[in-house]
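Observations on the three-dimensional arrangement
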Amino acid sequence: MNFNRIVCFDLEMCCWNDGRESRTGEIIEIGVAELDLITGQIVRRAQYFVKPEYDEVSPFCTELTGIKPEVIEKNGKPLATILKSVEQKFGGRHKIYAAWGRDDAILRAECKAKDLKVPFNEYLNLATLFRLQRHVTNKRCGLRAAMDMAGLTWEGRHHSGYVDAYNLARLAKTMFFLPEHHA
């Protein structure tokens, strides 16, 4: 296990606001940012668009995430292909993966439904770890509020997997001890 790196990821899924239930809420984007815990540098980033098998990108989803149906149509690939790419680029079972909340459960459920292998064994819920810190008084805070508490300014568009994973890696850097001469 490589304890010097954390692979932060964020998922965006199909979503609606018209009162109906989504059929599956399939993943349409996976953002990834790898943090080197020795240097404190974000050493790799990637954005993957996933072509859903059963869902579609609604106008509300486009408004929320900025992801247009034509982007998914043009650049999206099947989840199996994307997971192989993530594993090849970022390393799989020998790396620790992390997200804000339970993105692991969402990914595991979709992998199970599609008979795919989850690309990691080790997972950290950084929301839980953040909330365990003594100085955190609002235990129900989201990622953006957590960044404010940590003295970090949000960079980029919220609800973009690529941007959210990057900001999560920036927050993770503040949560783990880094020697001063590397900070």
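For the structure itself, look to the data block above.
Below or above, wherever it landed, is the structure these notes cover. Here the residue numbering is sequential within each chain, running from 1 through the sequence in written order. Given that the model is predicted, a residue must reach a pLDDT of at least 70 before its local features are reported, and side-chain atom pairs must reach 80 or more before they are shown or counted; all residues, however, enter totals for whole chains, interfaces and linings. Remark: hydrogens and water are excluded; side-chain values derive from all non-hydrogen atoms of the structure.

1. Focus: the pairing of strand 4 (residues 96-99)
Of the two faces of strand 4, the one carrying Ile96 and Ala98 and the one carrying Tyr97 and Ala99 are both buried. Classification remark: right-handed applies to a crossover when, strands pointing away from the viewer, the course from the first strand over the helix to the second runs clockwise. Per the convention used, a helix needs a DSSP run of H or I reaching at least four residues, while a strand needs a run of E reaching at least two, with both numbered from the N terminus. In this view, the connection linking strand 4 to its parallel neighbour strand 5 (residues 122-125) by way of helix 4 (residues 103-113) has right-handed handedness. Categorising residues by exposure relies on relative accessible area from a 1.4 Å probe, with only protein chains included: less than 20% of the type maximum marks a residue as buried, more than 50% marks it as exposed, and the intermediate range marks it as partly exposed.

2. Overview of unusual backbone geometry
Here the phi dihedral of Asp115 falls at roughly 55 degrees; this positive angle occurs in a residue that is not glycine. Its place among the elements puts Asp115 in the loop between helix 4 and strand 5. For His159, which is not glycine, the phi dihedral falls at a positive 70 degrees. Counting through the fold element by element, His159 comes out in the loop between helix 6 (143-149) and helix 7 (161-175).

3. Section: the pairing of strand 2 (residues 27-36)
The buried fraction of strand 2 amounts to 10 of the 10 residues, a majority that puts the element mostly inside the structure. When DSSP locates at least two bridges between a pair of strands, those strands are taken to pair. Alignment of strand 1 (residues 5-13) against strand 2, held across 9 bridges, turns out to be antiparallel. Each bridged residue has a counterpart across the sheet, and for Val7 the counterpart in strand 2 is Glu34. Inspection of the sheet shows strand 2 paired to strand 3 (residues 42-49) by 7 bridges, in the antiparallel sense. The residue of strand 3 that forms the bridge with Leu35 is Ile42. Where strand 2 hands over to strand 3, the hairpin turn is made up of 5 residues, of which Gly40 adopts a positive phi near 80 degrees.

4. Some remarks on the state of the cysteines
We call a pair of cysteine sulfur atoms a disulfide when they lie within 2.5 Å. Within this structure, the stated rule accounts for 0 disulfides. Here Cys8 stays unpaired: no disulfide links it, and the sulfur of Cys141, its closest cysteine neighbor, is 16 Å away. Here Cys8 falls in the buried class, since its relative accessible area comes to 0%. Looking at Cys14, it has no disulfide partner, and the nearest cysteine sulfur is the one in Cys61, 5.6 Å off.

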